[in-house]
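In case you want the letters, here they are:
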Amino acid sequence: MDIRKAFGGNARRFRLALGLSQEAVAERMGVDRAFISSMERGLQNATLLTIWQTAQALEVRPADLLQENASKIRS
């Protein structure tokens, strides 16, 4: 499992569930929209600070972003 892909997929899923754009999340975190795009695609190595800021912006627990099964669609 690539934790970057799991983190990014979870971030995207939570973002969409809140009805937020990448730009809105970027504004909440104080980063550029391109950073959010890269993060969601699993291209960024998230620091502890980034994980915390992402969780705050998406109104979830930091651990929710790291769950490998959370990014899989269940039927």
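The text that follows walks through the structure, step by step, so that each part is easy to find.

Basis of the calculations
- Residues numbered from 1 in each chain as written.
- Predicted model: local features only at pLDDT ≥ 70, side-chain atom pairs only at ≥ 80, totals over all residues.
- Heavy atoms only, no water.
- Buried < 20%, exposed > 50% of the residue type's maximum accessible area, 1.4 Å probe, protein only.
- Helix = DSSP H or I, 4+ residues; strand = E, 2+ residues; numbered from the N terminus.
- Arc of directions from axis to C-beta.
- Contact = heavy atoms within 4.5 Å.
- Core = buried A, V, L, I, M, F, W, Y, C linked by side-chain atoms within 4.5 Å.
- Expected span 1.5 Å × (residues − 1).
- Polar contact = N/O pair within 3.5 Å; in protein donor to acceptor, adjacent residues only side chain to side chain.
- Axes fitted to C-alpha atoms, helices over the stretch in contact; angles between N-to-C directions.
- Parallel < 35°, antiparallel > 145°, perpendicular 65-115°, else oblique.
- Nonpolar A, V, L, I, M, F, W, Y, C, P; charged D, E, K, R; others polar.
- Phe/Tyr/Trp six-rings, centres within 6.5 Å; stacked < 30°, edge-to-face > 60°.
- Lys NZ or Arg CZ within 6 Å of the ring centre and 35° of its normal.

## Remarks on helix 2 (residues 22-29)
Those residues of helix 2 lying buried are Gln22, Val25, Ala26 and Met29. End-on, the buried residues of helix 2 take up no more than an arc of 100°, which puts them together on one face. What points out from helix 2, more than 90 degrees from its buried face, is the exposed set Glu23 and Glu27. Those residues of helix 2 hidden inside the fold are in contact with helix 1 (3-18), helix 3 (33-40) and helix 4 (48-58). Following helix 2 by one or two positions, Gly30 has its phi on the positive side, about 75°.

## A look at the nonpolar core
If you look at the biggest cluster of nonpolar residues, it comprises 15 residues, and the most contacted ones within it are Val25, Ile36, Leu58, Val60 and Leu65. Of all elements in the fold, only helix 1, helix 2, helix 3 and helix 4 reach the threshold of two or more residues within this core. With 4 residues, the single largest contributor to this core is helix 4. The residues touching Leu65, leaving out its near neighbours within four places in the chain, are Ala6, Phe7, Asn10, Ala11, Phe14, Ile51, Thr54, Ala55, Leu58 and Val60.

## Regarding helix 1
Three or four residues apart is the spacing at which side chains of an α-helix point the same way, because the helix has 3.6 residues per turn. With 16 residues, helix 1 extends 22 Å from end C-alpha to end C-alpha; this agrees with the ideal 22 Å at 1.5 Å per step. Looking only at helix 1, the buried set comprises Ala6, Phe7, Gly8, Asn10, Ala11, Phe14 and Arg15. Where helix 1 is buried, its residues touch helix 2, helix 3, helix 4 and helix 5 (62-66). With a side-chain oxygen positioned 3.0 Å from the backbone nitrogen of Arg4, the residue opening helix 1 is Asp2. Backbone geometry just downstream of helix 1 places Gly19 in the positive-phi region, at approximately 70°.

## Quick notes on the packing of helix 2 against helix 3
Across the interface, helix 2 lies against helix 3 with an axial gap of 8 Å and an inter-helix angle of 110°. Of the possible angle classes, the one that applies to helix 2 and helix 3 is roughly perpendicular. Contacts between helix 2 and helix 3 involve Gln22, Glu23, Val25, Ala26 and Met29 on the former and, on the latter, Arg33, Phe35, Ile36, Ser37 and Glu40. Residues belonging to the contact of helix 2 with helix 3 are distributed by class as follows: 5 nonpolar, 2 polar and 3 charged.

## A few points about the packing of aromatic side chains
Per the stated rule, a full pass over the model turns up 0 aromatic pairs. If you follow Arg13 out to its NZ or CZ, it ends over the ring of Phe14, 4.4 Å from the centre.

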